Amino acid sequence: MDYLSQLESRSIYIMREAYNQFKNIALLWSIGKDSTTMLWIARKAFFGNIPFPVMHIDTSYKFKAIYEFREVYVKKWNLDLLISKNEAEIQKGMSPEKGKLDCCNALKTEALKLTIKEHGFRALLLAIRRDEHGIRAKERYFSPRDEHFTWNYKDQPAELWDLFSAETGAEEHMRVHPMLHWTEFDIWQYIMREGVPTVGLYFAKEGKRYRSIGCSPCCAPVDSDADTIKKIVSELKKTRVAERSGRAQDKEDTYTMQKLRSLGYM
Amino acid sequence: MKRTAINIVFTGHVDHGKSTLIGRLLIDTDSLPESKIEEVTNVSKELGKEAELAYVTDYLKEEREQNITIDTTQIHFKTRKRDYIIIDAPGHIEFIKNMITGTSQAEAAVLIVDVNEGVLEQTRRHVYLLNLLGIEKIVVVINKMDLVGFIEKRYLEVKDEIMKFLDELSLKPLCVIPISAREGENITHKSRIMPWYRGPCFLKALDYIRPDKVTYDKLPLRFPVQDIYLVDGNRIIVGKVASGYLHKGQEVVVLPSGEMQRVESIKTFNKDKKKAETFESIGICLHNTASIERGSILSQRDDVPKLSNTFNATVFWMSETPWIDTKPHELQCSTQEVTCRLDSITKKMNSSTLELLNKDMDRLLRYEVGEVVIKTERPVLTESFDYRSEFGRFVVKDEGYVVGVGIIM
Ligand SMILES: Nc1nc2c(ncn2[C@@H]2O[C@H](COP(=O)(O)OP(=O)(O)OP(=O)(O)O)[C@@H](O)[C@H]2O)c(=O)[nH]1
Ligand SMILES: [Mg+2]
């Protein structure tokens, strides 16, 4: 089996474990390249009928292109889309200007808390990768979160080989990370091989492109002329700019991501 | 597309320089984004230190403030020859479960020994665990040579000490290299301060490691059933081929029932396949799926393994609560999940000194290793761990938490 197929096979195995162990689960789809790739693989794992909802945490600040992409593929792939939105906070006018950390917390983490509670999800599939960020490099494939969403990163359970532990307390849920072992480079290679559709924002226009997408006020494009997948792949071979360099959350101060994640952020 | 990566775990006693060596390797090979280097430099300054190379992998605030690795990290790295996945492991005994987590994903190891301190408790325990988990390819580095003025004498003493210990376990390192992780000596090129050393530098030694020859596909077919889905009226049995091949039309034996079945089709999304190879995650349709459930195993006809509810294993115990025969635990081996009990302990030892123990022979205490007899509620398939077989390794769990790691010898 070639390298990309090995990565894919492992991700399929992990998703199937999560579904077998928890049944009531959801896949978090941010509509970025990683979670769209995860979704692509989930369709393979479940033979085209993903037996659980696909959740989009909608802060209302997402790029327009993201909403358009969502509409197209929800229909095309016949997805059971679940929109998670913290309407109360949006009404009250929460926005990045009120503090990026607070905004992420209210519109993403709190929204997710509400949705989990409402649907009683036992596990969530998330497309984070180790090479994205120092704090994500510390993650397990199966990572428990308590009722307050706290990640006890100082005492994570042991995880050996492909033997995943699915035990969680009544109020807890499991974060499952089927894409943890992929790199940004792997993802683009796979997108190229498989023809996975992606939002147009990743491709260069007028010398700029997004390497990582989320909410429009908090993402900045990077300098690039890569307007095709092929060019992105060769750009990544050379670059020494970090993938999330355009992300505001990562920059605030060194440990913003650690704080956010320990509070339950993705 | 051809690309292989080799996973290497960095092990050794606390503070001997594992994380520093990783940081040094990544920086000297220009493998880090500029922002990462900046971040490490800034945080070091804030904490009143020179650039602390260990911070490349020691990302947690707590790790940096206390200068200790708490949890294992994986980081990608490339040489001209190939790709690496570098796995940093903590050296402190309290985090041994994290070291084991990292090591279970590796196929080769770097063992680091501080030239001043020599071989210490976790140096030995880590070597023992590498051996238990089937990792034979080991590069030994003797670190902090700057602290002894780069003199050969002390290096030879420590080298001797570690070689003796490796020999007790019949392990032969690929090489032993004197380095200074902090000063960058013998890392990416041969050191001029240590002309007496004639072997390869560290980077070259890594490139010399030969990856495991994949022999799994030559082994008999084992297909552990992960789950069964109903798709468009078909019952599809899903799982990952653990060894051997699966063909359309092949006669297979289903365990534990012993029933013979024919593989009617091999399914992936939108297309059927004629053949599935080792490690492929697939679905298959059989004529009759009545006796099949998660944990069932399909095997080829001419090599049907025996299941048993009693077996011998070597277990490393990690829980503060000792393992005693009266308390049932959960055992997980591949997709087999079953209640188990400790039947008896044949032999046990201290996992660091390797000293045989003869007290409390009815129980296994934290950090002890035992050769034990285990009884399971239902028969399970276990096979020798040679070739790192899927059925040669298992975990013992207490209310879902992994408390013991087991290998079938
Ligand atoms: N003088 C000298 N100090 C070193 C060298 N390598 C590492 N150190 C120092 O040794 C201390 C421990 O280094 P780490 O890399 O954190 O050790 P570690 O093995 O990763 O420790 P744990 O992960 O906690 O087990 C740090 O203060 C380093 O700066 C070296 O080559 N020479
Ligand atoms: Mg360390």
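Residues numbered from 1 in each chain as written. Chains lettered and ligands numbered in written order. Predicted model: local features only at pLDDT ≥ 70, side-chain atom pairs only at ≥ 80, totals over all residues. Heavy atoms only, no water.

**Q** So what exactly am I meant to see when it comes to the packing of aromatic side chains here?
**A** In this description, an aromatic ring pair is defined by two values, namely the gap between the centres and the angle between the planes. Residue and element names in this part refer to chain A. In the structure shown here, the tally under the stated rule is 22 aromatic pairs over all chains. Ring centres 4.9 Å apart and planes at 10° place the aromatic pair Phe 142 and Phe 164 in the stacked group. Residue Phe 142 is located in strand β5 (residues 142–145), and its partner Phe 164 is located in the loop between β5 and β6 (173–176); the two are separated by 22 residues in the primary sequence. Each of the two residues, Phe 142 as well as Phe 164, counts as buried. With a centroid separation of 5.6 Å and an interplanar angle of 65°, the aromatic rings of Trp 151 and Tyr 153 are classed as edge-to-face. The two residues Trp 151 and Tyr 153 agree in class, both being buried. Ring-pair connections join several aromatic residues into one group, and the members of that group are Trp 29, Trp 40, Phe 69, Tyr 73 and Trp 77. The ring of Trp 40 has Arg 43 lying over it, and the distance from NZ or CZ to the ring centre is 5.9 Å. (Phe/Tyr/Trp six-rings, centres within 6.5 Å; stacked < 30°, edge-to-face > 60°. Helix = DSSP H or I, 4+ residues; strand = E, 2+ residues; numbered from the N terminus. Buried < 20%, exposed > 50% of the residue type's maximum accessible area, 1.4 Å probe, protein only. Lys NZ or Arg CZ within 6 Å of the ring centre and 35° of its normal.)

**Q** Looking at this structure, how should I read the coordination of the magnesium ion (ligand 2)?
**A** The reference angle at a metal is 109.5 degrees if four donors form a tetrahedron and 90 or 180 degrees if six donors form an octahedron. All names here are of chain B. Each protein donor to the magnesium ion (ligand 2) is listed here as Ser 19 (OG) and Thr 69 (OG1); together their distances run 2.0 Å. Here Thr 69 lies in the loop between α3 (61–66) and β2 (73–78) and Ser 19 lies in helix α1 (residues 18–28), a separation of 50 residues in the sequence. One exposure class covers both Ser 19 and Thr 69, and it is buried. (Donors = N, O, S within 2.8 Å, 3.2 Å for Na, K, Ca; no water.)

**Q** Is there a simple way to think about the packing of helix α2 (residues 33–45) of chain A against helix α6 (residues 184–194) of chain A in this case?
**A** The relative placement of two packed helices comes down to the angle between their axes together with the axis-to-axis distance. All names here are of chain A. Where α2 meets α6, the axes come as close as 10 Å, and the angle between the chain directions of the two elements is 55°. In terms of orientation, α2 and α6 fall into the oblique class. Classified by chirality, the crossing of α6 by α2 is left-handed. Residues Lys 33, Asp 34, Thr 37, Trp 40, Ile 41 and Lys 44 of α2 pack against Glu 184, Ile 187, Trp 188, Tyr 190, Ile 191 and Glu 194 of α6. Considering only residue class, the contact of α2 with α6 consists of six nonpolar, one polar and five charged. (Axes fitted to C-alpha atoms, helices over the stretch in contact; angles between N-to-C directions. Parallel < 35°, antiparallel > 145°, perpendicular 65-115°, else oblique. Left-handed = near helix turned anticlockwise from the far one by under 90°. Contact = heavy atoms within 4.5 Å. Nonpolar A, V, L, I, M, F, W, Y, C, P; charged D, E, K, R; others polar.)

**Q** Where do I start with the packing of helix α1 (residues 3–22) of chain A against α6(A) in this structure?
**A** All names here are of chain A. The geometry of α1 relative to α6 is characterised by a closest axis approach of 10 Å and an angle of 100° between their N-to-C directions. In terms of their interaxial angle, α1 and α6 are classed as roughly perpendicular. Facing α1, whose interface residues are Tyr 3, Leu 4, Ser 5, Leu 7 and Glu 8, α6 presents Asp 186, Gln 189, Tyr 190, Arg 193 and Glu 194.

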